[in-house]
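# Coordinate inspection notes
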Amino acid sequence: MNTTSLQPVIIMGMHRSGTTMLASLLEQLGLFIGAKKQENDESLFFFKLNDWLLRQANATWDNPHNFTFINAVFKEKVIRVLKQHLKGMRRLEYLGFGKFLRYGDIRHIDFPWGWKDPRNTFTIDIWKDIFPHPKLLHIYRNPLDVANSARKREIEIQNNFKHNWKCFLKERLVFGKAFYQDSVRLQNISEGIQLWKEYVQKAISLDEEWKENILHIRYETFLDSPADALGKIVDFIGLSADASSVNAVSKNVLSGNKFTFIKDSNLRDIYRHIREEDIMKKLGYDTIIEK
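Bear in mind that the values here come from a model prediction, so they are computed numbers and not experimental data. (Residues numbered from 1 in each chain as written. Predicted model: local features only at pLDDT ≥ 70, side-chain atom pairs only at ≥ 80, totals over all residues. Heavy atoms only, no water.)

### What to know about unusual backbone geometry
- The phi dihedral of N58 falls on the positive side, at around 55 degrees, and the residue is not glycine.
- In this fold, N58 is placed in the loop between α2 (44–56) and α3 (72–86).
- Here F179, not a glycine, exhibits a phi torsion of approximately 65 degrees, which is positive.
- Mapped onto the fold, F179 is located in the loop between α7 (165–173) and α8 (189–205).
- For F179, a relative accessible area of 43% gives the class partly exposed. (Helix = DSSP H or I, 4+ residues; strand = E, 2+ residues; numbered from the N terminus. Buried < 20%, exposed > 50% of the residue type's maximum accessible area, 1.4 Å probe, protein only.)

### Some remarks on the packing of helix α6 (residues 143–159) against α8
- Their axes nearest at 8 Å, the elements α6 and α8 cross at an angle of 125 degrees. The orientation of α6 relative to α8 falls into the category oblique. α6 and α8 meet at a crossing whose hand is right-handed. Within the contact between the two elements, α6 uses P143, L144, V146, A147, N148 and R151 and α8 uses I189, G192, I193 and W196.
- Residue classes in the contact of α6 with α8 are distributed as seven nonpolar, two polar and one charged. (Axes fitted to C-alpha atoms, helices over the stretch in contact; angles between N-to-C directions. Parallel < 35°, antiparallel > 145°, perpendicular 65-115°, else oblique. Left-handed = near helix turned anticlockwise from the far one by under 90°. Contact = heavy atoms within 4.5 Å. Nonpolar A, V, L, I, M, F, W, Y, C, P; charged D, E, K, R; others polar.)

### With respect to the confidence of the model for the chain
- For the chain, the mean per-residue pLDDT works out to 93, and 98% of the residues sit at or above 70.
- Across residues 1–5, where pLDDT falls below 50, the model places four contacts with residues more than four positions away in sequence or in other chains. (pLDDT = per-residue confidence, 0-100.)

### Description of the sheet that holds strand β4 (residues 214–218)
- Strand order in the open sheet formed by four strands is β2-β1-β3-β4, and the pairing between neighbours is parallel. Bordering the open sheet on either side are β2 (114–116) and β4, each of which pairs with just one other strand. Between one strand and the next, the sheet's axes are offset by a mean angle of 15 degrees, whatever the strand orientation.
- Bridge analysis of strand β3 (residues 135–140) against β4 gives five bridges, and the strand direction is parallel. Bridged to Y140 within β4 is R218. (Pairing = 2+ DSSP bridges.)

### As for the pairing of strand β1 (residues 9–12)
- Neither face of β1 is left uncovered, since the one carrying V9 and I11 and the one carrying I10 and M12 both have all their residues buried.
- In terms of strand pairing, β1 meets β2 through three bridges, oriented parallel. Bridge pairing in β2 links I10 to W115.
- Pairing of β1 with β3 involves four bridges; the strand directions are parallel. Following the sheet pairing, V9 is matched in β3 by K135.

### Quick look at the pairing of β3
- Counted residue by residue, β3 has six buried out of six residues, so it is predominantly covered.
- Side chains of β3 alternate between two faces, with K135, L137 and I139 and L136, H138 and Y140 buried alike.

### Brief notes about the pattern of salt bridges
- Within the structure shown, the criterion is met by 16 salt bridges.
- The salt bridge partner of D110 is R102, with a shortest N-O separation of 3.5 Å.
- Its salt-bridge partner being D224, residue K258 comes within 2.5 Å of it at the nearest N-O pair. Here K258, found in the loop between α12 (243–250) and α13 (265–274), pairs with D224, found in helix α10 (residues 219–224); they are 34 residues apart in sequence, far enough to count as distant.
- The class for K258 is partly exposed, based on a relative accessible area of 30%.
- Several salt bridges share partner residues, and in doing so they unite R185, E191 and E198 into one network. (Salt bridge = Lys/Arg side-chain N within 4 Å of Asp/Glu carboxyl O.)

### Re the side chain of D125
- Tracing the chain through its elements places D125 in helix α5 (residues 120–127).
- Overall, the relative accessible area of 14% leaves D125 in the buried class.
- Not counting residues within four places of it along the chain, the set of residues in contact with D125 comprises I70, K75 and K202.

What follows is the structure, encoded as structure tokens:
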């Protein structure tokens with residue numbers, strides 16, 4: 001295995017676009033994405049670091065705009081912190097006990113590894129100075145399904161909110177987030193579409209620097225031919241997985257989540273309003289209903 005293949009595989013894309021699906025499939029094929037993960041297959045270690053990075057620029061995952069203004073002085077300061085954690089005790093959270101004992105620094109990993117987090121779309125501007133030759137996987141999905149899925153999740157979070165002791169303390173101390181909602185912005189379909197544009201345009205702009213090291217994956221195309229798409233991804237990242245393994249894993253892909261917005265007349269109206277935008281044409285989303 002060459003040196004480049006030991007660099008991380010960094011999975012990115014707008015939330016609700018298939019990043020969890022992609023990470024899960026690659027993990028089944030041998031890509032290590034963390035010992036301790038959240039339910040959506042995000043490494044807790046890198047999730048915390050990405051969240052911290054955004055907050056240092058007064059940005060968040062649903063309002064990442066401020067992070068586009070970071071400068072060299074900002075980078076120098078946060079990179080110092082990240083390098084400390086990559087070789088510090090908290091690396092246990094990513095490596096697990098056995099690998100923690102073997103590797104004193106996450107940068108020294110000598111097997112296929114990486115992590116998934118939509119926030120990578122923006123924080124890659126920091127990680128690239130630590131990992132100069134990563135393999136970037138960007139998965140994108142049509143904006144109506146993304147925005148509608150995000151809205152449904154926000155409604156679910158709001159409806160399932162329970163006022164527990166942690167929330168009570170945060171209210172009393174006026175400190176931290178009580179999590180009445182995860183993102184009030186994404187309760188609005190139009191704002192969900194706008195956030196989708198921010199993520200997708202940022203990811204596409206990475207081609208200027210990472211043309212040979214980034215692979216863009218269309219969610220709907222992946223669902224049409226998961227084995228073929230997954231085979232290309234495996235080859236791109238240099239993962240040792242034979243065709244039979246790829247085919248077996250691909251059978252777990254559900255194809256029913258493609259262009260679900262068509263069933264909703266209100267969403268179809270919104271689609272007709274945005275279909276002629278340049279980004280929609282560039283990604284081939286301007287003729288969906290006709291298909």
